[in-house]
Amino acid sequence: MRLARFLFRFVRPYLAWALVAALAILTYAVSSTLLVALIKPIFGEVLLADHTAIEGPVAGLIGDEGPGGEPATETPPGTEGEPPEVTGEPPPTETWFEDFKQRFNLADQLDGAYQSVKRRLDIGPDDVVFFVPLLFIGLFLVRSFANFVSGYSFQHIGLGATTDIRNALYRKILDQSSRFHAEHPSGELMARVINDVTLMQNAVSNRMLDLIQQGITLFFLIILLLSTDLKLALLCLVAAPALIYPIVRFGKGMRRTSHRSQERMADLAELLAEGVRGHR
């Protein structure tokens, strides 16, 4: 909490850029989820499209045969309009899985929105083969632009905040007593102002962006996964704790290693500064 309050004091002047970054991150997450949701229309309506919906030279290459080169089946005469045979089995009892799926079925909602867009734009079977790829490309461009805007915003925030931190640290060092400067070599102080603040800039500009952007995107994708097939999704998510634990342990080790690395960089800067100053 102390570190968060310290950073917020320097990030506060850039709240407008933070709002731009938040909107761009949300756009990135939504467009990424929509790109995944388009897999169903791509396979169901484009790659497996009926050849009768395709006109032009492509249709002539397909011919009138069905799958495997066999003639396409026709509906027997006299059976048009007959209702399908009912097995007589009662519908299964609704479980909590089905109740959850009905409440949070993002996949069906996205599919309904997609069908509504097709109806509004009057997209027929002849046009859907070209409409879905164009929609995919459009979403990909929106996602890429949102990624650029969020990255640019975080870079602006990180550079501005760390510049303010470096200036404040420099003023703080100049205000210290002679005893403080006698106990802390100038090379170490230079390393704190240059190297340590640079690492903080990378953390704010890059690592924090990845953490927030990918985290929100993962949240939307998990909802889409759960609403598509809840049982299979829960089965896949069982392995998530086993994957997260080694990442957490590795992160703790990396923090200790990074701290030791910064200490050694301060020693190196101290030796370099003393060697150059003492050359005469």
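Everything below is about the structure printed above this text.
I will try to describe carefully the structure that is included in this document.

## What about the overall build of the protein chain?
Phase 1 of the analysis: In terms of regular secondary structure, the protein chain is built from eleven helices and zero strands.
Phase 2 of the analysis: The order of helices and strands in the protein chain, counted from the N terminus, is α-α-α-α-α-α-α-α-α-α-α.
Phase 3 of the analysis: Buried positions account for 23% of the 280 residues belonging to the protein chain.
Phase 4 of the analysis: Looking at the protein chain alone, contacts between residues at least 24 apart form 83% of all its contacts between residues at least 6 apart.
Phase 5 of the analysis: Approximately 20200 Å² of the protein chain is accessible, and the part contributed by carbon and sulfur atoms is 66%.

## Description of the nonpolar core
In a soluble, globular protein the nonpolar side chains are often hidden away together inside.
Phase 1 of the analysis: One finds Leu-7, Phe-10, Ala-161, Ile-165 and Val-197 forming the largest nonpolar core, which totals five residues.
Phase 2 of the analysis: For this core, the secondary-structure elements that each account for two or more residues are helix 1 (2-11) and helix 7 (125-174).
Phase 3 of the analysis: When sequence neighbours within four positions are dropped, the list of residues in contact with Val-197 reads Thr-162, Ile-165, Arg-166, Leu-169 and Arg-192.

## Comments concerning a positive patch on the surface
Phase 1 of the analysis: Taken together, the side chains of Arg-249, Lys-252, Arg-255, Arg-256 and Arg-260 define a basic patch exposed on the protein surface.
Phase 2 of the analysis: Within the fold, Lys-252 resides in helix 11 (residues 240-277).

## What to know about the side chain of Ser-153
Phase 1 of the analysis: Tracing the backbone shows Ser-153 in helix 7.
Phase 2 of the analysis: Since its relative accessible area comes to 1%, Ser-153 is described here as buried.
Phase 3 of the analysis: From its side chain, Ser-153 meets the backbone oxygen of Val-149 in a polar contact 2.8 Å long.
Phase 4 of the analysis: Setting aside residues no more than four positions away along its own chain, Ser-153 makes contact with Trp-17, Val-20 and Ala-21.

## A short note on the packing of helix 2 (residues 15-37) against helix 9 (residues 186-228)
Phase 1 of the analysis: As a packed pair, helix 2 and helix 9 sit with axes 9 Å apart at the nearest point and diverge in direction by 35°. Once helix 2 is placed against helix 9, the crossing between them reads as right-handed. Between helix 2 and helix 9, the residues in contact are Ile-25, Leu-26, Tyr-28, Ala-29, Val-30, Ser-32, Thr-33, Val-36 and Ala-37 and Leu-209, Ile-212, Gln-213, Gln-214, Ile-216, Thr-217, Phe-220, Leu-221 and Leu-224, respectively.
Phase 2 of the analysis: Of the residues that constitute the contact of helix 2 with helix 9, the class distribution is 13 nonpolar, five polar and no charged.

## Quick word on a nonpolar patch on the surface
Phase 1 of the analysis: A surface patch of nonpolar side chains, amounting to about 480 Å² of accessible area, comprises Leu-26, Val-30, Met-208, Leu-211, Ile-212 and Ile-216.
Phase 2 of the analysis: Those elements that place two or more of their residues in the nonpolar patch are helix 2 and helix 9.
Phase 3 of the analysis: Ranked by residue count, the leading element in the nonpolar patch is helix 9, at four residues.
Phase 4 of the analysis: If you trace the backbone, Met-208 turns up in helix 9.
Phase 5 of the analysis: Taking relative accessible area as the criterion, Met-208 reaches 34% and is therefore assigned partly exposed.

## Let's talk about the environment of Tyr-152
Phase 1 of the analysis: Within the secondary structure layout, Tyr-152 lies in helix 7.
Phase 2 of the analysis: Considered as a pair, Tyr-152 and Trp-17 are 135 residues apart in the sequence and their alpha carbons are 9.4 Å apart.

## Quick word on the pattern of salt bridges
Phase 1 of the analysis: The final tally for this structure, using the stated rule, is two salt bridges.
Phase 2 of the analysis: The partner of Glu-183 in a salt bridge is Arg-179, and the shortest N-O contact between them spans 3.2 Å. Of the two residues, Glu-183 and Arg-179 are both situated in helix 8 (residues 178-183); the distance of four residues between them amounts to about one turn of the helix.
Phase 3 of the analysis: For Glu-183, a relative accessible area of 49% corresponds to the partly exposed category.
Phase 4 of the analysis: Arg-192 serves as the salt-bridge partner of Asp-196, at 3.1 Å between the closest nitrogen and oxygen. Linking Asp-196 with Arg-192, this pair stays in helix 9, spanning four residues, or about one helical turn.

Conventions we followed
- Residues numbered from 1 in each chain as written.
- Predicted model: local features only at pLDDT ≥ 70, side-chain atom pairs only at ≥ 80, totals over all residues.
- Heavy atoms only, no water.
- Helix = DSSP H or I, 4+ residues; strand = E, 2+ residues; numbered from the N terminus.
- Buried < 20%, exposed > 50% of the residue type's maximum accessible area, 1.4 Å probe, protein only.
- Contact = heavy atoms within 4.5 Å.
- Areas by Shrake-Rupley, 256 points an atom, 1.4 Å probe, with all protein chains shown as cover.
- Core = buried A, V, L, I, M, F, W, Y, C linked by side-chain atoms within 4.5 Å.
- Patch = residues over 30% accessible without salt bridge, like charges linked within 9 Å, V, L, I, M, F, W, Y side chains within 5 Å.
- Salt bridge = Lys/Arg side-chain N within 4 Å of Asp/Glu carboxyl O.
- Lys, Arg positive; Asp, Glu negative; His and termini not counted.
- Charge placed at Lys NZ, Arg CZ, Asp CG, Glu CD.
- Polar contact = N/O pair within 3.5 Å; in protein donor to acceptor, adjacent residues only side chain to side chain.
- Axes fitted to C-alpha atoms, helices over the stretch in contact; angles between N-to-C directions.
- Left-handed = near helix turned anticlockwise from the far one by under 90°.
- Nonpolar A, V, L, I, M, F, W, Y, C, P; charged D, E, K, R; others polar.

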